[in-house]
Amino acid sequence: MGSQGGFGQSKEFLDLIKSIGESRSKAEEDRIVLREVETLKLRLNDPNTPKYKLKEYIIRLLYVEMLGHDASFGYIHAVKMTHDENLLLKRSGYLAVTLFLNEDHDLIILIVNTIQKDLKSDNYLVVCAALNAVCRLINEETIPAVLPQVVELLGHQKEAVRKKAVMALHRFSQKAPGSVSHLISNFRKKLCDNDPGVMGAALCPLFDLIAADVDKYKDLVVSFVNILKQVAERRLPKSYDYHQMPAPFIQIKLLKILSLLGIDDKKASEQMYTILGDIMRKCDSTSNIGNAILYESICCISSLHPNPKLLEAAADAIAKFLKSDSNNLKYLGIDALTRLIKINPEIAEQHQLAVIDCLEDPDDTLKRKTFNLLYKMTKSSNVEVIVDRMIEYMISINDSHYKTEIASRCVELGEQFAPSNQWFIQTMNKVFEHAGDLMNAKVAHNLMKLIAEGFGEDDDTADSQLRSSAVESYLRIMGEPKLPSAFLQVICWVLGEYGIADDKYSSSYIIGKLCDVAEAHPDDDKVKAYAVTGIMKIYSFEIASGKHVDLLPECQSLIEEMLASHSTDLQQRAYELQSIFTLDAQAVKKIMPMDSTCDDIEIDKNLSFLDGYVQQAIENGAQPYIPESERLGISSISSFKSHDEHEPSTHALRFEAYELPKPSLPHNIPPVLASSTELVPVEPSYVADILHPTSAPSASDAGSSELKLRLDGVQKKWGRPTYSSPAPSSSSTNQVKVQNETPRPDSASSSKPTIHDTAYISRKQQIEISPEKQKLAASLFGGSAKSEGRHLPSQKNLKTQNHTSDTYRSSKAPAPDTAVKTSQPPPDLLDMGEPSIASSTPSVDPFKQFEGLFDFTQETTPVSTGGVHGATKDSDFTSLFADMSLSAQSHIDPNPEPNGLRGNKVKPSGNQLNKGPNLKESLEKDALVRHVGVTPSGQNPILFKDLLG
């Protein structure tokens, strides 16, 4: 075997890798791999293959699998290799099976015994390999087989084993939380491990647990603050430094945990202020990892109780991000600014030009993030500029998902902050014109409802102006090609309802336009239905006013076409339109009253007006109606049996259930219990319920002694239950590229933002700011940050059954939150009273310092010394926890009350009345409902909130 490269590979293996890399096409690569597969099949099945060659063949199988070809014929050989006594072969086998197999593979059962044996090995390398396989291959059913060994390894003398044991236990908690719920205290215990790696590994499961229930871990705030303080002070060994930053990934995880613990908790937030200020000052903004820590610190500050000094420091850091030439850092600055404006909207006004530069940047990702910022800082003074910009961007993109999101935001902002009725109608027209097919159907319904109800309160003039402007704009837009179907439906409804309301347009003109719409969309039944209904409304208004009406030729041809349509809905509408011309003016006026769109319609869901007809039919020999629940056998079938006994035998369908078999049972066993346990697995609680005489059904309820299957209390499982792991929090630190710049001195961090703005302007002193950009900045940020009243009056009172009224729009803009300065300075958390580090091994066990943290049996582990940043060399990592003390244990509520959401039940409402025996009466009722078009349902103060359903 010739060796090349120094790693013991054969020349044949190196030639394979070289030929794959030099292949010029996928077909050539497939031929090479398929030839290699045939070779491996022959050699793996050869019993005389030496073990060192078998290891190479398994590695070659990994290449075959990675290139997308089937290597399942070699899986069993990788499993056999995990049983080998040779350490190199065993680790190669474990590597192969973790890459080949998944937790549901059939071969997993062959590896469990090997993993159990290797977890007890004296060689810690073997134990680590087994723990790696545990994290990848052990499923929910096999967790109990290895759980005791993993828990025992938490006290192993090797720190690598303890770290991997914590990771395995974390994996178990993700797969089956109930299986390790009694072992949660081990994660707390490993916070005070002598090795920083084990402590860092324990932060990941603690983060998941804190995200699930914050209140249970409030007592750990002091511990996490002390750990973060000592990490920032470089008390960890030098091996944990990355780009001259002390353990940055541990710092980021701790900042994420503190941000969760400080939400809506002023006391916990005050304990974090000092360490967050120190980290903001010590961060090196010239490196990517330093910027990552700085960004995470800003996110933590934004989630805590507001502190003026920290907010000022965060604003300074954001200014540095936005002034960078790197788009990645600008993205971080925009995202961080979006978080801070929730606390103080005035912060965004300090970065006007930087935000506008990001808005005009060709980078699409940065532009989208900037639009998200503008959406959250919209108010009545800048809504026109922001919405116009968002609509322009929506028209320019092709991404349907993001276009839908932009359209929904435009509708929401226009509904909340519209300065005038005309602007709102024009904005909705643009949104419908360019994204109508992507929007929810409820948006069109809400727009029609808004136009019908109007904006003014008892102001008919404002409402008529709104409707007139809508009619004029829709008549102009109708000529545009390829209008969305939902928009055409709105146009037809508005023209039919208000087209001739102000006598500005003749009825023949509006009817001709509606006929053109129906003719231009022959395949869209909904548009044609709305057009015909609009035509019927206009003719009805003309007839009711006493005018002579002639049926236009184009309308007559449309009616004839729809009478021959395959759609029953279109046929019915055509017949109704024909019937309108046969009625007198009074009847038509009653069928189609003017301006009754917002009137409430009482719908009789029980159809009580048909009671006389039903009673007469039953007297004539008709059979009574049987409810659907009884027809499907949901309720008792005794009524069916009694009904069938009196009816003659016919060939009609029978709905009664078959009788259950009656097996012979011992006298001492209750029949219900015996039959239930034979059919389904019964839980103990269910058996206990059956044995109680009060919970058992009575004989009278059963109706007979026949056996019935009881399914209450039985656990229902369809297939194998899977565990849905919680959404992993994004701890990604965006690797950003920063130009070479000198690090900023600590004294500059306390300067005011105006200094940074001056530096930013001086850097671009040769670039003249255009008047357009200045005007845009004044439009976006120049308005007052205080609440501003809208120019629109409130909405009309809606008529509801309980005679309550709700306002359609909010008349107040959100007022900015102001941080209150406290008279006393925050406590100095850096003064921890640390004992002097002795040169010899400390005699105090580090776990004694955490007696208030948990309650468990003291474990004695050897103390390993490590290097400490400073002059002291013989101290160990126990000094990291020497100054941590907690006064109380964690109090866990045994019966936590889950926070639920209350939903309001919406009463269903019909939109059409059934016809009675009188044709004229039914026409009147049907036409009244069709004239209304929409039925107001419930209270809905923000009509366009449900854009995406």
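Our structure's up above, just so we're on the same page.
Predicted, not measured: the structure shown is a model, and the values here were computed from it. (Residues numbered from 1 in each chain as written. Predicted model: local features only at pLDDT ≥ 70, side-chain atom pairs only at ≥ 80, totals over all residues. Heavy atoms only, no water.)

A.B. asks: Hey, could you run me through the overall build of the chain in this one?
C.D. replies: Regarding its fold elements, the chain presents 40 helices and 2 strands. Considering the chain as a whole, with its 949 residues, one finds that 43% of them fall into the buried category. Considering only residue pairs separated by 6 or more positions, the chain has 71% of its internal contacts joining residues 24 or more positions apart. Split by element, the accessible area of the chain, about 51600 Å² in all, is 52% carbon and sulfur. (Helix = DSSP H or I, 4+ residues; strand = E, 2+ residues; numbered from the N terminus. Buried < 20%, exposed > 50% of the residue type's maximum accessible area, 1.4 Å probe, protein only. Contact = heavy atoms within 4.5 Å. Areas by Shrake-Rupley, 256 points an atom, 1.4 Å probe, with all protein chains shown as cover.)

A.B. asks: Looking at this structure, I do not really get the pattern of salt bridges. What am I missing?
C.D. replies: Between side chains of opposite charge, a pair can form as their charged atoms come close. Applying the stated criterion across every chain yields a total of 31 salt bridges. Linking aspartate 15 and lysine 11 is a salt bridge whose minimum nitrogen-to-oxygen distance equals 3.0 Å. Residue aspartate 15 and its partner lysine 11 are located together in helix 1 (residues 11–22), separated by 4 residues, close to a single helical turn. Taking relative accessible area as the criterion, aspartate 15 reaches 35% and is therefore assigned partly exposed. A cluster of three or more residues bridged by salt bridges with shared partners is formed by Glu12, Glu36, Arg43, Glu56 and Arg60. (Salt bridge = Lys/Arg side-chain N within 4 Å of Asp/Glu carboxyl O.)

A.B. asks: What should I look at first to understand the packing of aromatic side chains in this one?
C.D. replies: Here a ring pair, both rings aromatic, is described through the centre-centre distance and the interplanar angle of the planes. Applying the stated criterion across every chain yields a total of 10 aromatic pairs. Centre to centre, the rings of tryptophan 493 and tyrosine 498 are 6.0 Å apart; their planes meet at 75 degrees, and the pair counts as edge-to-face. Overall, the relative accessible area of 4% leaves tryptophan 493 in the buried class. Of the aromatic side chains, those joined through ring pairs into one cluster are Phe371, Tyr393 and Tyr402. The ring of tyrosine 402 is capped by arginine 368, whose NZ or CZ atom sits 4.1 Å from the centre of that ring. Here arginine 409 stacks its cationic end above the ring of tyrosine 375, 4.6 Å away from the centre of that ring. (Phe/Tyr/Trp six-rings, centres within 6.5 Å; stacked < 30°, edge-to-face > 60°. Lys NZ or Arg CZ within 6 Å of the ring centre and 35° of its normal.)

A.B. asks: I keep staring at a nonpolar patch on the surface and nothing clicks. Help me out?
C.D. replies: Side chains of Ile76, Ile109 and Leu110 sit close together on the surface and give an oily, nonpolar patch of about 250 Å² of accessible area. Along the chain, isoleucine 109 turns up in helix 6 (residues 109–118). A relative accessible area of 57% places isoleucine 109 in the exposed class. (Patch = residues over 30% accessible without salt bridge, like charges linked within 9 Å, V, L, I, M, F, W, Y side chains within 5 Å.)

A.B. asks: Explain the nonpolar core to me, please; I cannot follow it from the model alone.
C.D. replies: Soluble, globular proteins show a tendency: their nonpolar side chains are buried together. Counting 214 residues, the largest nonpolar core has Leu101, Ile115, Phe172 and Phe224 as the members making the most contacts within it. Beyond its immediate stretch of four places on either side in the chain, phenylalanine 172 contacts Val134, Ile138, Ile143, Val146, Leu147, Val150, Pro177, Ser179 and Val180. (Core = buried A, V, L, I, M, F, W, Y, C linked by side-chain atoms within 4.5 Å.)

A.B. asks: Looking at this structure, how should I read the packing of helix 12 (residues 221–232) against helix 13 (residues 248–261)?
C.D. replies: How two helices pack is summed up by the angle between their axes together with the distance between the axes. Viewed as axis vectors pointing N to C, helix 12 and helix 13 meet at an angle of 150 degrees, and their least axial separation amounts to 10 Å. The angle between helix 12 and helix 13 places the two elements in the roughly antiparallel class. Between helix 12 and helix 13 lies a crossing whose hand is left-handed. Here helix 12 contributes Val221, Phe224, Val225, Ile227, Leu228 and Val231 to the contact with helix 13, which in turn contributes Ile250, Gln251, Leu254, Leu255, Ile257, Leu258 and Leu261. Across the contact of helix 12 with helix 13, the residue classes break down as 12 nonpolar, 1 polar and no charged. (Axes fitted to C-alpha atoms, helices over the stretch in contact; angles between N-to-C directions. Parallel < 35°, antiparallel > 145°, perpendicular 65-115°, else oblique. Left-handed = near helix turned anticlockwise from the far one by under 90°. Nonpolar A, V, L, I, M, F, W, Y, C, P; charged D, E, K, R; others polar.)

A.B. asks: Any chance you could explain helix 27 (residues 507–520) here in plain terms?
C.D. replies: Owing to its 3.6 residues per turn, the α-helix brings residues three or four apart onto one side. Taking 1.5 Å per residue, 14 residues should reach 20 Å; helix 27 reaches 20 Å between its end C-alpha atoms and fits that length. Taken together, the buried positions of helix 27 are occupied by Ser507, Ile510, Ile511, Gly512, Leu514, Cys515, Val517 and Ala518. Looking at the packing, one finds that the buried side of helix 27 touches helix 25 (460–477), helix 26 (485–498), helix 28 (525–544) and helix 29 (553–563). (Expected span 1.5 Å × (residues − 1).)

A.B. asks: Would you mind going over the packing of helix 17 (residues 308–322) against helix 18 (residues 327–340) with me for this structure?
C.D. replies: Taken N-terminus to C-terminus, the directions of helix 17 and helix 18 make an angle of 150 degrees; their axes are 7 Å apart at the nearest point. By the angle between their directions, the pair helix 17 and helix 18 is classed as roughly antiparallel. Of the two possible hands of crossing, helix 17 and helix 18 adopt the one that is left-handed. Counting all contacts with helix 17, which are made through Leu311, Ala314, Ala315, Ile318, Phe321 and Leu322, the residues of helix 18 involved are Leu329, Lys330, Leu332, Gly333, Ile334, Ala336, Leu337 and Leu340. Across the contact of helix 17 with helix 18, the residue classes tally to 12 nonpolar, 1 polar and 1 charged.

A.B. asks: Would you mind showing me how to read the environment of glutamine 352 here?
C.D. replies: Locating glutamine 352 in the fold gives a position in helix 19 (residues 352–359). Residue class for glutamine 352 comes out partly exposed when judged on its relative accessible area of 25%. Setting aside residues no more than four positions away along its own chain, glutamine 352 makes contact with Ala777 and Phe781. From its side chain, glutamine 352 meets the backbone oxygen of glutamate 349 in a polar contact 3.1 Å long. (Polar contact = N/O pair within 3.5 Å; in protein donor to acceptor, adjacent residues only side chain to side chain.)

A.B. asks: Would you mind going over the side chain of threonine 338 with me for this structure?
C.D. replies: Within the element layout of this structure, threonine 338 appears in helix 18. Within the local environment of threonine 338, its side chain forms a polar contact with the backbone oxygen of isoleucine 334, the two atoms lying 2.8 Å apart. When residues no more than four places from it in sequence are discounted, the contact partners of threonine 338 are Asn372, Leu373 and Lys376.

A.B. asks: For this particular structure, what's the right way to read unusual backbone geometry?
C.D. replies: Working note: non-glycine residues mostly have negative phi, and peptide bonds are mostly trans. In the Ramachandran plot, arginine 234 falls in the positive-phi region, its phi being about 65 degrees despite a non-glycine side chain. Of note in the backbone geometry, leucine 607 takes a positive phi value of approximately 55 degrees without being a glycine. On the basis of relative accessible area, leucine 607 is assigned to the partly exposed category, the value being 28%.

A.B. asks: So what exactly am I meant to see when it comes to helix 11 (residues 196–212) here?
C.D. replies: For helix 11, built from 17 residues, the straight-helix expectation of 24 Å at 1.5 Å per residue is met to within 8% by its first-to-last C-alpha distance of 25 Å. The largest bend in helix 11 comes to about 25 degrees, at proline 205. Of all 17 residues making up helix 11, 12 are buried, and the element is well covered by its neighbours. Those residues of helix 11 that are buried lie in contact with helix 9 (159–175), helix 10 (185–189), helix 12 and helix 13. A distance of 2.9 Å separates the backbone nitrogen of glycine 197 from a side-chain oxygen at the start of helix 11, and that oxygen is part of aspartate 195. (Bend = angle between axes of the 7 residues up to and from the residue.)

A.B. asks: Would you mind going over the state of the cysteines with me for this structure?
C.D. replies: Where two cysteines share a covalent bond between their sulfur atoms, that bond is called a disulfide. Evaluation of the coordinates by the stated rule reveals 0 disulfides. Cysteine cysteine 300 remains unbridged, with the sulfur of cysteine 299 as its closest cysteine sulfur at 8.8 Å. Accessibility expressed as a relative area gives 1% for cysteine 300, which makes it buried. (Disulfide = S-S within 2.5 Å.)

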